[in-house]
Amino acid sequence: MAAGLVGVSLGGAALFNYLVIGSSDPSRKKPASACESPRDFGESRDDDDDHDDPFGSFLDQADEAQRFEQCLAYHRSLLRSYHSRWDWANAQGRIPTTSWPRNIPSDEDAGAIMTDLRFCARSPNFRSDKDYCDRLRFRVGSYLLMKIDPESQKRGLKIVRDLAERGHADGMCSYATCLNDGRAGLDPNPQQAVVWWRLCADMHSHSQSLYELGVALYTGEGCPEDESQAVRFWRSAANLGHPSAAYMLGDCLLDGVGIERDRAEALEWLITAAELGHRGARSRVLAVLEKENDRDYGSFTDASRQTLKKSVLQSQQNGVALSGEIRDEKEGSFQQRVSIERRYTIGGGSRNPVVLARRKTIVQESRAD
């Protein structure tokens, strides 16, 4: 295994083909819901169809709006339950945080785990579970990478790199993160990070690696930007129970980024993230469901997204159009008022610095617990 993984390297077009064209079609499941949609959520309509059949586009938007209102009504009937389960003061509602990795030992526990690691091969746990020692190694490596002093970080890097080169799933993902961020004295190398995340996703269907691949494609860092592929990776990770991926999938569905806009399904995925313990998703869902009450949930105050006000101010300062009408010069064309929620009101994808800053903010909030 080590010989096959050491020195993994791809670049340019080869990296894009490996990451996107060579990817397998992810599952297109959606969360169980009372808010059903008649269409396949995994498919996005070609934008050219909107110009060819503007009236059909109008009907689709009306259907989307109707389903969203039905979904809102259903979940508003559950508000009392959400308040009870998601109240941080309620100890039973405190699901572990969404940050990864989740099992980094504390300073108090690290010494005992290092001792266990020294003798793990003779432990009864090892005899019944051959991955036991590698799980201990990963916990120790993760702990050392979090330390301030460079020597500890280098020791941690060596541990996770050795695990990665032997095909250990968490080790591969962690090593990719070190490459991406330039940790422990490494030069930042987002391209190689993407390769390792992709290898890990292919070998292990690793939810964190799938999530990170979505982030890379969403921001265009380490690989060419591809919003639709980002959504597919996030959907795969969300179907594996990854809270941050569910959050990002909901956000993209809400704005129509990489997939046709569907606020009903967006709300379902945000609620899924909330039920998995994502506190930002909990605040955001409550902001959507209680919009008419003008309730303040910190930065989650508007019905569409927590970064809206910030984006409006940044866009105004940069002279970016925030709203307007889509017009076809042909006679009898359909005219539509564009909402700030829609991605094409800003345009340019991650090449637009306003959009890129906004996307990075959303990603950072998805990582938060």
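Our structure's up above, just so we're on the same page.
Cut-offs used in this document
Residues numbered from 1 in each chain as written. Predicted model: local features only at pLDDT ≥ 70, side-chain atom pairs only at ≥ 80, totals over all residues. Heavy atoms only, no water. 1 Å grid on protein atoms, 1.4 Å probe; cavity = no way out; pocket = protein on both sides within 12 Å on 5 of 7 lines; lining within 4 Å. Points joined across faces, edges and corners; volume = space filled by probe spheres on them. Helix = DSSP H or I, 4+ residues; strand = E, 2+ residues; numbered from the N terminus. Nonpolar A, V, L, I, M, F, W, Y, C, P; charged D, E, K, R; others polar. Buried < 20%, exposed > 50% of the residue type's maximum accessible area, 1.4 Å probe, protein only. Axes fitted to C-alpha atoms, helices over the stretch in contact; angles between N-to-C directions. Parallel < 35°, antiparallel > 145°, perpendicular 65-115°, else oblique. Left-handed = near helix turned anticlockwise from the far one by under 90°. Contact = heavy atoms within 4.5 Å. Disulfide = S-S within 2.5 Å. Core = buried A, V, L, I, M, F, W, Y, C linked by side-chain atoms within 4.5 Å. Salt bridge = Lys/Arg side-chain N within 4 Å of Asp/Glu carboxyl O. Polar contact = N/O pair within 3.5 Å; in protein donor to acceptor, adjacent residues only side chain to side chain. Phe/Tyr/Trp six-rings, centres within 6.5 Å; stacked < 30°, edge-to-face > 60°. Expected span 1.5 Å × (residues − 1).

Caption draft 1: Inspection of the layout of surface pockets at higher detail. Each pocket or cavity is described by its volume, and for the second largest pocket that value is around 640 Å³. Looking at the second largest pocket, it is lined by 27 residues, and the ones nearest its centre are T177, D181, R183, E212 and R367. Contributing elements (two or more residues each) for the lining of the second largest pocket: α8 (132-145), α10 (169-181), α12 (207-219) and α18 (353-367). With 6 residues, α12 is the largest single contributor of residues to the lining of the second largest pocket. A per-class count over the lining of the second largest pocket returns 10 nonpolar, 11 polar and 6 charged.

Caption draft 2: The arrangement of helix α16 (residues 279-289) in detail. Taking burial as the measure, the 11 residues of α16 include 9 buried ones, the bulk of the element. Among all positions of α16, only G280, A281, R282, R284, V285, L286, A287, V288 and L289 are buried.

Caption draft 3: Examining the packing of α12 against α18 more closely. Remark: α12 packs on α18, axes separated minimally by 10 Å, with the N-to-C direction vectors making an angle of 165°. One finds that α12 runs roughly antiparallel with respect to α18. Between α12 and α18 lies a crossing of right-handed hand. Residues Q208, Y211, E212, V215, Y218 and T219 of α12 pack against L356, R359, K360, I362, V363, S366 and R367 of α18. Looking at the contact of α12 with α18 residue by residue, the class counts come to 6 nonpolar, 3 polar and 4 charged.

Caption draft 4: Layout of the environment of R76. Relative to the helices and strands, R76 is located in helix α4 (residues 54-76). Separated by 210 residues in the primary sequence, R76 and L286 place their C-alpha atoms 9.2 Å from one another.

Caption draft 5: Structural context of the state of the cysteines. Summed over the entire model, instances satisfying the criterion amount to 1 disulfide. There is a disulfide in this structure between C120 and C133, and the S-S distance comes to 2.0 Å. Because the sign of the S-S torsion sets the handedness, a value of about 120° for the bond joining C120 and C133 places this disulfide among the right-handed ones. Residue C120 is located in the loop between α6 (107-118) and α7 (124-128), and its partner C133 is located in helix α8; the two are separated by 13 residues in the primary sequence.

Caption draft 6: Quick look at the nonpolar core. The biggest cluster of nonpolar side chains holds 67 residues, and the ones touching the most others in it are W196, Y218, W234, M248 and L267. A110, V140, Y143 and L144 belong to the second largest nonpolar core, which has 9 residues in total.

Caption draft 7: Quick look at the pattern of salt bridges. The tally for this structure, following the rule as stated, stands at 17 salt bridges. A salt bridge links R67 to D262, with the shortest nitrogen-to-oxygen separation between them at 3.2 Å. You can see R67 sitting in helix α4 and its partner D262 sitting in the loop between α14 (243-255) and α15 (263-275), a full 195 residues away along the chain. For D262, a relative accessible area of 0% gives the class buried. Ionic pairing is found between R235 and E265, a salt bridge with its closest N-O pair at 3.1 Å. Placement of the pair is R235 in helix α13 (residues 227-239) and E265 in helix α15, with a sequence separation of 30 residues. The pair formed by R235 and E265 is uniform in burial state, with each residue classed as buried. What emerges from the salt-bridge pattern is a single network uniting D63, R67 and D262.

Caption draft 8: The side chain of H168, seen in detail. Inspection of the secondary structure puts H168 in the loop between α9 (150-165) and α10. Reaching out from H168, the side chain makes a polar contact with the backbone nitrogen of G171 at a distance of 3.0 Å. Setting aside anything within four residues of it in sequence, one finds H168 in contact with D134, R135, F138, L163 and H204.

Caption draft 9: Inspection of the packing of α6 against α8 at higher detail. The contact between α6 and α8 brings their axes to 10 Å, and the two run at 140°. Considering their axes alone, α6 and α8 lie oblique with respect to each other. Between α6 and α8 lies a crossing of left-handed hand. Of the residues in α8, those touching α6 at D107, A110, I113, M114, D116 and L117 are Y132, C133, L136, R137, R139, V140, Y143 and L144. Its residues placed into classes, the contact of α6 with α8 shows 10 nonpolar, no polar and 4 charged.

Caption draft 10: Main features of the packing of aromatic side chains. Summed over the entire model, instances satisfying the criterion amount to 4 aromatic pairs. Ring geometry for W100 and F138: centres 5.9 Å apart, planes at 45°, overall tilted. Residue W100 is located in the loop between α5 (79-86) and α6, and its partner F138 is located in helix α8; the two are separated by 38 residues in the primary sequence. Looking at W100, the relative accessible area reads 26%, which means it is partly exposed.

Caption draft 11: Representation of α14 within the structure. Helix length check: α14, at 13 residues, gives a terminal C-alpha distance of 19 Å against a target of 18 Å (1.5 Å per residue), a fit within 8%. Of all 13 residues making up α14, 13 are buried, and the element is well covered by its neighbours. Looking one or two residues past α14, G256 carries a phi angle of roughly 75°, positive in sign.

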